[in-house]
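# Structural features, examined
So the chains spell out like this:
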Amino acid sequence: MSGGTAAKTTPQQFLRRKDVLAGLMFIGVAAFGLWASRNYPIGTAVRMGTGYVPRLLCWILLGLGCIVFIQGFRASAVTLEPSPPIWRSVILIPASLVVFAYAIGPLGVIAAIVLLVVVGSLAGKDSRLVEVIAAALVLIGLTLLVFVWGIGLPIPVWPEWW
């Protein structure tokens, strides 16, 4: 009977699998979205109400979360290694958003995005300069294309003193 020793997987080990955690996150976000939009009128596919698309996207995210969660129970699922302290991420990611919010008015959207990406990249320990520059350029391009030129929002592009 003791030919092969199959290791029992504890619930804590299941929760350390990437797919299980991602699935639970998707399910949680979808459940919150469905709850938050519970009072919005849905309407029909022809006459959509304000809650139609958000609820549709939440149901899709919920289904995707269930699929990813179930995939996490495979024997070959990737397990997360113990991670270093996350204080840098917890502090620097929100700080990058605050820096962006305070910089966009006086410095313009281009400089604010550069600051956002630079401060945010400090949260990771293996950020590469080329990746940071590429991320900043892509975000600047998309922001200018969609918000400034596409929608025509009156966002300052350059600093006030420029």
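The following paragraphs examine the structure supplied in this document. (Residues numbered from 1 in each chain as written. Predicted model: local features only at pLDDT ≥ 70, side-chain atom pairs only at ≥ 80, totals over all residues. Heavy atoms only, no water.)

### Topic: the pattern of salt bridges
Stated precisely, the cut-off is as follows: A pair is scored as a salt bridge if a Lys or Arg side-chain nitrogen falls within 4 Å of a carboxyl oxygen belonging to Asp or Glu. The rule is simple: take the accessible area with a 1.4 Å probe, protein chains only, and divide by the maximum for that residue type; under 20% is buried, over 50% is exposed, in between is partly exposed.
Under the counting rule described, the total for this entry stands at one salt bridge. A salt bridge links E131 to R128; the shortest N-O distance between them is 3.3 Å. We classify E131 as partly exposed; its relative accessible area is 44%. Residue R128 is classed as exposed on the basis of its relative accessible area, which comes to 54%.

### Here we look at the packing of aromatic side chains
Threshold: Centres within 6.5 Å are what make two rings of Phe, Tyr or Trp a pair, Trp counting through its six-membered ring; a difference in plane orientation under 30 degrees is then read as stacked, over 60 as edge-to-face, and the rest as tilted. Secondary structure elements follow DSSP: runs of H or I of four or more residues count as helices, runs of E of two or more count as strands, with numbering from the N terminus.
Under the counting rule described, the total for this entry stands at one aromatic pair. Ring centres 5.9 Å apart and planes at 35° place the aromatic pair F32 and W35 in the tilted group. Taken together, the positions of F32 and W35, both in helix α2 (residues 18-36) and three residues apart, correspond to about one turn of that helix. Classification of F32 as exposed rests on a relative accessible area of 54%. Classification of W35 as partly exposed rests on a relative accessible area of 48%.

### Examining the environment of A30
Which entries qualify depends on this criterion: Contact definition: two residues touch when any of their heavy atoms are within 4.5 Å.
Residue placement: A30 occurs in helix α2. The spacing of A30 and C58 is 28 residues in sequence and 4.6 Å in space, taken between C-alpha atoms. Not counting residues up to four positions away in its chain, the partners in contact with A30 are C58, L61 and L62.

These results come straight from atomic positions and should not be treated as a statement about function.
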